[in-house]
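Chain residues, written in single-letter form:
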Amino acid sequence: GENVGLHLPTLSVQEGDNSIINCAYSNSASDYFIWYKQESGKGPQFIIDIRSNMDKRQGQRVTVLLNKTVKHLSLQIAATQPGDSAVYFCADISSGSARQLTFGSGTQLTVLP
Amino acid sequence: DVKVTQSSRYLVKRTGEKVFLECVQDMDHENMFWYRQDPGLGLRLIYFSYDVKMKEKGDIPEGYSVSREKKERFSLILESASTNQTSMYLCASSSSHRAVRGEQFFGPGTRLTVL
């Protein structure tokens, strides 16, 4: 069965607003949670990861929050830009899964002018 | 920058044909992966490899095989293509260090259509 990635399929935001992309997971044994971005016509690109013993991690314009109590992961993008339009996937990697990623179904983010 | 290249961007084959998809990475990564991507299903792992001549089944290996004769090259083989194998195929690679965190580098994908 699927361990991660119950996404809303689409999300539209105004340019300059903050975006929040959500993901639910079911596997409590996950070691890391990861966000990938896939632009049209390209392969997925790693954005940021968070270890399961952390609640929050920040990168450049992005923040990932992990709520283990409700098994929820979110990616926040500050000041969303047209170049942020893409499909965003959450994924997890579990202890013992030997580097095997499990991807969710993805959320299509559209940035409106 | 890591570069992962795939032999074709678009491929059209007929049912029953043998199909080879090639992937090459230039960063001396130990791990290589083949996924297929279908609308609404995300990426699903077909096969992966930790080292030369090593392979492990992923979640959906049926109908596929792989070959890794050299560290930089990982091939996906469809022994007898079927229409339900029409999909986007993505290759990825990762170093052992980065693989622990789930960081993989993807190629641009091959869109395969089986008629």
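Counting restarts for each chain, with residues numbered from 1 along the sequence as it is written. Lettering for chains starts from A, numbering for ligands starts from 1, and both go in the order in which the items are written. Under the rules for a predicted model, residues below a pLDDT of 70 receive no local features and side-chain atom pairs below 80 are neither given nor counted, while totals for whole chains, interfaces and linings still include all residues. For side-chain calculations, the full set of non-hydrogen atoms in the structure is used, while hydrogens and water are omitted.

**Student:** In this structure, what is going on with the confidence of the model for chain A? I would like to understand it.
**Tutor:** Interpretation of the predicted coordinates at a detailed level should be avoided for regions scoring low in pLDDT. Per-residue pLDDT for chain A has a mean of 90; in total, 90% of the residues score no lower than 70. Note on scores: pLDDT gives the predictor's confidence for each residue, bounded by 0 and 100. Comment: elements are numbered from the N terminus, with helices defined as DSSP H or I runs of at least four residues and strands as E runs of at least two. Within chain A, the lowest mean pLDDT, 67, falls on strand β1 (residues 4–6) of chain A, and the highest, 97, falls on strand β6 (residues 56–58) of chain A.

**Student:** How do you make sense of the interface of chain A and chain B when you look at a structure like this?
**Tutor:** Frequently, the measure chosen for interface size is the accessible area removed from exposure when the parts meet. By definition in these notes, contact holds between two residues if any of their heavy atoms fall within 4.5 Å. Between chain A and chain B, the contact holds 20 residues from the first and 25 residues from the second. Carbon and sulfur atoms make up 53% of the surface buried where chain A meets chain B, a total of about 1800 Å² over both sides. Here a polar contact is taken to be a pair of N or O atoms separated by no more than 3.5 Å, where protein atoms must pair a possible hydrogen donor with a possible acceptor and residues adjacent in sequence count only if both atoms sit in side chains. Run the count over chain A and chain B and you get six residue pairs in polar contact (both at pLDDT 80 or more). Taken together, the elements giving at least two residues each to the side of chain A that touches chain B come down to β4 (30–38), β5 (45–51), β9 (86–94) and β10 (101–103) of chain A. Buried area counts how much accessible surface, traced with a 1.4 Å probe, disappears from two parts once they are put together, with both parts' losses summed.

**Student:** Even after reading the chapter, I still don't get the nonpolar core, so can you show me in this structure?
**Tutor:** Side chains that are nonpolar tend, in soluble globular proteins, to be buried together. Residue and element names in this part refer to chain B. Among buried residues, those of type Ala, Val, Leu, Ile, Met, Phe, Trp, Tyr and Cys that are joined through side-chain atoms within 4.5 Å constitute a nonpolar core. Only protein chains enter the area calculation, which uses a 1.4 Å probe; residues under 20% of their type maximum are buried, those over 50% are exposed, and those in between are partly exposed. Judged by nonpolar contacts, the single largest core of 21 residues is most densely connected at Trp-34, Ile-46, Leu-76, Leu-78 and Tyr-89. When contributions to this core are tallied by element, the ones reaching two or more residues are β3 (19–25), β4 (31–38), β5 (42–49), β7 (64–70), β8 (73–78), β9 (87–94) and β11 (110–114). Ignoring anything within four residues of it in the chain, the contact list for Leu-78 reads Glu-17, Lys-18, Val-19, Gly-63, Tyr-64, Gln-85, Tyr-89 and Leu-112.

**Student:** I'm lost on the side chain of Lys-37 of chain A in this one. Help?
**Tutor:** All names here are of chain A. Its place among the elements puts Lys-37 in strand β4. Within the buried set, Lys-37 has no salt-bridge partner at all; the shortest N-O distance to an opposite charge, 4.3 Å, is to Asp-84. The contact partners of Lys-37, leaving out residues within four places of it in the chain, are Gly-43, Pro-44, Gln-45, Ile-47, Gly-83, Asp-84, Ala-86, Val-87 and Tyr-88. Charge counting follows a simple rule: Lys and Arg are positive, Asp and Glu are negative, and His as well as the terminal groups are ignored. A pairing counts as a salt bridge when a side-chain nitrogen of Lys or Arg comes within 4 Å of a carboxyl oxygen of Asp or Glu.

**Student:** Looking at this structure, how should I read the side chain of Thr-80 of chain A?
**Tutor:** All names here are of chain A. With respect to the element layout, Thr-80 can be found in the loop between β8 (72–77) and β9. By relative accessible area, which is 1% here, Thr-80 ends up buried. Within the structure, the side chain of Thr-80 is placed 2.6 Å from the side chain of Ser-19, a separation counted as a polar contact. Discounting residues that sit within four places of it in the chain, Thr-80 has contacts with Val-13, Glu-15, Gly-16, Asp-17, Asn-18, Ser-19, Arg-61, Leu-109 and Val-111.

**Student:** I'm lost on the sheet that holds strand β1 (residues 4–6) of chain B in this one. Help?
**Tutor:** Strands belonging to one sheet form pairs held by backbone hydrogen bonds; the direction of such a pair is parallel or antiparallel. All names here are of chain B. Read from one edge to the other, the open sheet built from four strands follows the order β1-β3-β8-β7, with strand pairing classed as antiparallel. If you trace the sheet from one side to the other, it starts and ends with β1 and β7, each paired once. Neighbour to neighbour, the strand axes of the sheet diverge by 20° on average, direction disregarded. Of the pairings in the sheet, the one linking β7 to β8 comprises five bridges and is antiparallel in character. Looking at the pairing, Val-66 lines up with Leu-76 of β8. Strand pairing follows a simple DSSP-based rule, namely that at least 2 bridges must link the two strands. Inter-axis angles, ranging from 0 to 180 degrees, are taken between N-to-C directions of lines fitted to C-alpha atoms, where helices are fitted over the stretch in contact.

**Student:** Sorry if this is basic, but what is going on with the pairing of β9 of chain A here?
**Tutor:** Looking along a regular strand, one sees side chains alternate from face to face of the sheet. All names here are of chain A. Across the nine residues of β9, nine count as buried, placing the element largely inside the fold. Side chains Ala-86, Tyr-88, Cys-90, Asp-92 and Ser-94 project from β9 onto one buried face, and the interleaved Val-87, Phe-89, Ala-91 and Ile-93 project onto a second face that is buried too. With eight bridges connecting them, β4 and β9 associate as antiparallel partners. Among the inter-strand pairings, Ile-34 is bridged to a residue of β9, identified as Ala-91. Sheet analysis places β9 next to β10, joined by three bridges and oriented antiparallel. Within the sheet, the bridge partner assigned to Ile-93 lies in β10 and is Leu-101.

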